[in-house]
Amino acid sequence: MNLLIVGVGLIGGSFSLSLKGKKNLHFASFDQNRESADKAQELGIVEKTFSDITNGVEWADVVVLAIPVKAIKTMLPEVLDLLKPDQFVVDFGSTKASICKSVNEHPKRAQYIAAHPIAGTEHSGPAAAFAALYQGKNLILCDTEKSDSMKLETFESLAKEAGFYITKMDADEHDRHLAYISHLSHITSYALSNTVLKKEEDGEVILDLAGSGFESTVRLAKSSPSMWSSIFMENKEMVLKGIGAYKRELEKLEKLIEAEDERAINKYLEEGRSIRKILS
């Protein structure tokens, strides 16, 4: 089986590495960034690189789009147009509703699978990819009733080989959940990072005084800005609802601190601390 990875960074590159040596699989890339494409081949993530998407799709049995959401929406219809009946395409975008809606009326819709790997790090590029990224991680598949059942079964088998367990849900439901659980986490991390950088201009002071709590909270601000700005725009409605809810919680805590109501502050913090029961 031939897999064409479009975008061989952390997500696409790790998918390739997680399946290396399993079954009879061959990997190639298409990446408009020539440096990234060459690096992926140098690191053994892929065996070959295509400079023309048409040639790459013709070679492939499966096409995996691991690029920013905005780029997926542009490329997905083009790839579907090129597919022969036995081929299919999967996207790994972090939002799903707008992508799914963009091809719902496409005559080859059944040859498309909407997927979101719930995994990642703050690093990007081919050098950030590693084989164990998806071990024990959740892969969300959306609107699966619109995908060909045999092609879906083939992809689920590949995903399980890569280390995933699988959850299925509606695309709109996915975007609602992820806005709060994932997208809002990145927004707060970027906002805190910008707040500190504007108030603490001395980088050495930040480095010397910042503890592990600060470091873990702003870790996500190291993530790719181009990827996350695209996600925020594509899931704008739910992201704005999440920001509004978060602002209301901040204002509630702000008022408790202004009132010097230590008992109420403690109660508020205990309520938030109860998330440990879920995360543990």
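Below, the structure is looked at part by part. No experiment lies behind these values; they were computed from the predicted model shown.

1. Examining the state of the cysteines
Summed over all chains, the structure comprises zero disulfides. Between C100, a cysteine without a disulfide, and C142, which holds the nearest cysteine sulfur, the sulfur-to-sulfur distance is 6.0 Å. A residue is classified by how much of its surface remains accessible, and C100, at 1% relative accessible area, is buried. Owing to a relative accessible area of 1%, C142 belongs among the buried residues under this scheme.

2. Focus: the layout of surface pockets
The computed volume of the second largest pocket comes to approximately 460 Å³. Along the wall of the second largest pocket there are 18 residues; nearest its centre are L184, S185, T188, Y246 and L250. Looking at the lining of the second largest pocket, the elements with two or more residues in it are α7 (171–199), α9 (212–218) and α11 (236–258). Examining the composition of the lining of the second largest pocket, we find that seven residues originate from one element, α7, more than from any other. A class-by-class count of the residues in the lining of the second largest pocket yields 11 nonpolar, six polar and one charged.

3. Quick word on unusual backbone geometry
Apart from glycine, the bulk of residues carry a negative phi angle, and the bulk of peptide bonds sit in the trans form. Positive phi is not limited to glycine here, since D143 has a value of about 50°. The residue E260 is not glycine, and still its phi comes out positive at about 55°. Structurally, E260 can be placed in the loop between α11 and α12 (262–273). Residue classification places E260 among the exposed residues on the basis of a relative accessible area of 69%.

4. Section: the pairing of strand β2 (residues 26–30)
Burial analysis of β2 places four of its five residues in the buried class, the great majority of the element. For strand β1 (residues 2–6) and β2, the ladder comprises five bridges, and the chain directions are parallel. Paired with I5 across the two strands is S29, which belongs to β2. Remark: the β1/helix α1 (residues 10–19)/β2 crossover connection has right-handed handedness. Where β2 lies against strand β3 (residues 48–50), three bridges are found, and the strand directions are parallel. Within β3, the position partnered with A28 by the bridge is K48.

Conventions and cut-offs
Residues numbered from 1 in each chain as written. Predicted model: local features only at pLDDT ≥ 70, side-chain atom pairs only at ≥ 80, totals over all residues. Heavy atoms only, no water. Disulfide = S-S within 2.5 Å. Buried < 20%, exposed > 50% of the residue type's maximum accessible area, 1.4 Å probe, protein only. 1 Å grid on protein atoms, 1.4 Å probe; cavity = no way out; pocket = protein on both sides within 12 Å on 5 of 7 lines; lining within 4 Å. Points joined across faces, edges and corners; volume = space filled by probe spheres on them. Helix = DSSP H or I, 4+ residues; strand = E, 2+ residues; numbered from the N terminus. Nonpolar A, V, L, I, M, F, W, Y, C, P; charged D, E, K, R; others polar. Pairing = 2+ DSSP bridges. Right-handed = clockwise from strand over helix to strand, strands pointing away.

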